[in-house]
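# Reading the structure
Chain by chain, the residues run as shown.
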Amino acid sequence: MLYDHVYFFNGTAYAGKSTLVKKLAEKYGGVACEENYHNALLPTLDKGAFPCLTYTRDLADWHDFIRRTPDEYEAWVKGVTLECETLELQMLEEISRQGKKVFVDTNISLETLKRVSDEKHVLIMLADPEISVRRFFERPDREKQFLYQLMMEEPDPQAALDNFRKCLTRVNSPEIYDTFLHSGFPVLLRDENRTAEKTLALAEQMLGLH
């Protein structure tokens, strides 16, 4: 295993990965690599090597981002995932040298996680695909609220919102959910009735943290 101090959290949207990463890092005095932590490298990326990541960096009008078709959006998400994996693995080589536990909100592929880690260092967190789409804009973080406001500025806000939800549905499909569910890694399903403290305790148990 290449990253013995690193704990990876992958899965679907709205499953609670970001919250859990922060709570575990706080409890264990570790490092929290939160969602999109690779953005620290974004200003220096070469457009030819990282066309999907630099698409948003160099975007002149963000309304073009939300106007894409589901096919275009899905292709971009897949490209971003591959490019992020390259950056994350490079960054984690340096971060893991600190000797602290590192908790990572990641989209690194299941195949790569099986190569660089093991079942005691990877937790798959899943929310129902329908919830992942329906509640996407309920999150308070700035990026998602920014996108929502862009849609409200469109000539037909409801059509813009419907189109973007179709995009989200494409990358939160039941097929993707099932692939995560049967990955061989431990799985933690989102439960609206479970407290944050219970979720934390379950994650610690699954990962053998102490």
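Our subject in this report is the structure included herewith. Numbering of residues starts from 1 in each chain and follows the order in which that chain's sequence is written. In keeping with the predicted nature of the model, local features appear solely for residues at pLDDT of at least 70, side-chain atom pairs appear and are counted solely at 80 or more, and the whole-chain, interface and lining totals rest on all residues. Side-chain measures were taken over the full set of non-hydrogen atoms in the model, leaving aside hydrogen atoms and water.

## Focus: the pattern of salt bridges
By salt bridge we mean one thing: a side-chain nitrogen of Lys or Arg within 4 Å of a carboxyl oxygen of Asp or Glu. On inspection of all chains with the given rule, the structure shows ten salt bridges. One salt bridge connects Glu204 with Lys27, and the closest N-O pair in it is separated by 2.8 Å. Linking Glu204 in helix α10 (residues 196–207) with Lys27 in helix α1 (residues 17–28), this pair joins segments that are 177 residues apart in sequence. Measuring nitrogen to oxygen at the nearest pair gives 3.9 Å for the salt bridge that ties Lys144 to Glu35. A residue pair is termed long-range when its members are at least 10 positions apart, and Lys144 in helix α7 (residues 142–152) and Glu35 in the loop between β2 (31–33) and α2 (51–57) qualify at 109 residues. With a relative accessible area of 5%, Lys144 lands in the buried category. Overlapping salt bridges bring together Asp71, Glu74, Lys78 and Arg170 as one network. Numbering of helices and strands runs from the N terminus; a helix is a DSSP stretch of H or I covering at least four residues, while a strand is a stretch of E covering at least two. Using a 1.4 Å probe on the protein chains alone, a residue whose accessible area is under 20% of its type maximum counts as buried, one over 50% counts as exposed, and one in between counts as partly exposed.

## Considering the environment of Leu53
Its location among the elements puts Leu53 in helix α2. Residue class for Leu53 comes out buried when judged on its relative accessible area of 7%. Ignoring any residue separated from it by four or fewer positions in sequence, one finds Leu53 in contact with His38, Leu42, Leu45, Val80, Glu83, Cys84 and Leu87. Every residue pair with non-hydrogen atoms within 4.5 Å of one another is taken to be in contact.

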